[in-house]
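# Summary of the model geometry
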Amino acid sequence: MLIGWNIDQNFFPAMTKIIGTLGPKSRSVEEIEGCLKAGMSVARFDFSGGDNDYHQETLENLKIAAKGIKKLCAIMLDTVGPELQVFNKSEEPIVLEIDAFVTLTPDQTKEASSEVLPVNYAGLAKVIATWGVRNNIDFLSLSYTRHAEDIRQTRAYLDELGNLQQTQIFAKIETIEGLKHFDEILQEADGIILSRGNLGIDLQPEKVFLFQKAAVHKCNMAGKPAVVTRVVDSMSGNLRPTRAEATDVANAVLDGTDAILLGAETFRGLYPLGTISIVGKICAEAEKVYNQAVYFKRTMKHSIEPMSHLESIATTAVSAAINVKASVIVVFTASGRTARLIAKYRPTMPVLSVVIPRLTTNQLRWSFTGAFQARQTLVVRGLFPMLADPRHPAESINATNDSVLKIALDHGKTVGLIKPHDRIVVCQKIGDSAVVKILELED
């Protein structure tokens, strides 16, 4: 048995992933179900607003929705960085006078005015230690990352908490200071989020696109996910994006972006489902003209020599799939590393990543790993995870039985991804060796 993505064109139109921020307009079971069907692969919880109970209720709705339509969805906790958000319960405009004194208070029961501004100041550690640990979050978005040390300190804190040792840290680049230390941050982080809204304040407008292209390229060469924000702001209140926004989404895909992050568009926008659907369609169109051949050569050129055994296998699988015009690449993995390396070279076809659970122990109890690894590939362009049932007798770490492959291929046929006479490239580990083989399906 396998559980994973339903990836037919109606269910998930693009290989570029979409991160949706859940909020007032997108937190009911029905609304979340619609977002998942429209193409959302990661649900973002923004802790700059709302308390733990509010977000927990949203998460429980997400679990119900995902289970109902049998679809994996990852969880991203977006932390509050060195910023204060004003709580204005009346939502009436507040006018501040020049040279006037304003009192900032953490007492959110007070009414916001030109003299007193209630602000949030809960703290990063408290949110992670309570909500994050309770829910085994897949990704932590670290706001206002300025140095590599920010990542190291956060990772050490997650390790102390125990339950979050597997959580991936995405550095959110929002300031010039983060830009200056980008290379060292990339080395430490598991992925990068380019927060263009805040960057647009710190950076001259004509420089933002240059940073985006350079940052995405560096992420691509490092094989780490690059996420771009603030693409279709106008869809918060409109059914269609502007021509400039549609072009912006397409250019982000052509630059090599792994995922598009939707913030206000799905958090409080009027059309969260429509926004996800349209962004997915734009991404799919851009992917059709993506020059994979040029990208492949450039990535090979930047690879460290001598290439590792695993990366060599990954490049072989991608080359073989392109040469034989395979409809899909199937890769068996326990940690997700092989699948990520294949995705690094941007094959033109989807990669079905079959995650084989591992039985592990901390000397106090036994547990299966695999769910984390499967969900964490949901932010990687072109990867579609399937979590193998650990009770299946054919599954083991070193030898993947043909019956498991058959189940994966049957799933691909069911969703319309694989047709009779298609060629399939399979990458698997047998004993101590990694094998790439080409299969031609019969009727």
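Heads up: the structure comes first, above all this text.
Residues numbered from 1 in each chain as written. Predicted model: local features only at pLDDT ≥ 70, side-chain atom pairs only at ≥ 80, totals over all residues. Heavy atoms only, no water.

### Considerations on the environment of V324
Along the polypeptide, V324 turns up in the loop between α13 (309-323) and β12 (328-333). On the basis of relative accessible area, V324 is assigned to the buried category, the value being 19%. Put simply, V324 and L186 are 138 residues apart on the chain and 35 Å apart in space, counted from C-alpha to C-alpha. Dropping the residues within four chain positions of it, V324 is found in contact with R423, V425 and I438. (Helix = DSSP H or I, 4+ residues; strand = E, 2+ residues; numbered from the N terminus. Buried < 20%, exposed > 50% of the residue type's maximum accessible area, 1.4 Å probe, protein only. Contact = heavy atoms within 4.5 Å.)

### As for the side chain of N220
With respect to the helices and strands, the residue N220 is situated in helix α8 (residues 205-222). Relative accessible area serves as the criterion here: at 3%, N220 is assigned to the buried category.

### Topic: the packing of aromatic side chains
In this structure the tally under the stated criterion is 6 aromatic pairs. Look at F45 and W131: their rings are 5.1 Å apart centre to centre, the planes differ by 45 degrees, and that puts the pair in the tilted class. With F45 in strand β3 (residues 40-46) and W131 in helix α3 (residues 124-135), this residue pair connects regions lying 86 residues apart in the sequence. Assigned by exposure class, F45 and W131 land together as buried. Here the aromatic rings of F182 and F211 are separated by 6.0 Å at their centres, their planes lie at 85 degrees, and the arrangement is edge-to-face. Of this pair, F182 sits in helix α6 (residues 182-188) while F211 is found in helix α8, placing the two residues 29 residues apart along the sequence. (Phe/Tyr/Trp six-rings, centres within 6.5 Å; stacked < 30°, edge-to-face > 60°.)

### Digging into the pattern of salt bridges
Going through the model one piece at a time under the given rule, you end up with 22 salt bridges. Of the charged contacts, one joins E33 and K37 as a salt bridge, the two residues approaching to 3.9 Å between their closest N and O atoms. With E33 and K37 both in helix α1 (residues 29-38) and 4 residues apart, the pair spans about one turn of that helix. By relative accessible area, which is 38% here, K37 ends up partly exposed. Where D78 meets R44, a salt bridge forms, and the shortest distance between an N and an O atom there is 2.7 Å. A residue pair is termed long-range when its members are at least 10 positions apart, and D78 in strand β4 (residues 74-78) and R44 in strand β3 qualify at 34 residues. (Salt bridge = Lys/Arg side-chain N within 4 Å of Asp/Glu carboxyl O.)

### Quick word on the packing of α13 against helix α14 (residues 337-344)
Put simply, α13 and α14 touch, their axes get as near as 8 Å, and they point 50 degrees apart. Between α13 and α14, the angle falls in the class oblique. Relative to α14, the crossing made by α13 is right-handed. Across from L310, E311, A314, A317 and V318 in α13, the residues of α14 making contact are R337, T338, L341, I342 and K344. (Axes fitted to C-alpha atoms, helices over the stretch in contact; angles between N-to-C directions. Parallel < 35°, antiparallel > 145°, perpendicular 65-115°, else oblique. Left-handed = near helix turned anticlockwise from the far one by under 90°.)

### A word on the packing of α1 against helix α2 (residues 52-69)
α2 packs onto α1 with a crossing angle of 55 degrees between their chain directions and a minimal axis gap of 8 Å. With respect to α2, the axis of α1 lies oblique. Of the two elements, α1 crosses α2, and the hand of that crossing is right-handed. Taking contact as the criterion, the partners of V29, I32, E33, L36 and K37 in α1 are, on α2, T58, N61, L62, I64, A65, A66 and I69.

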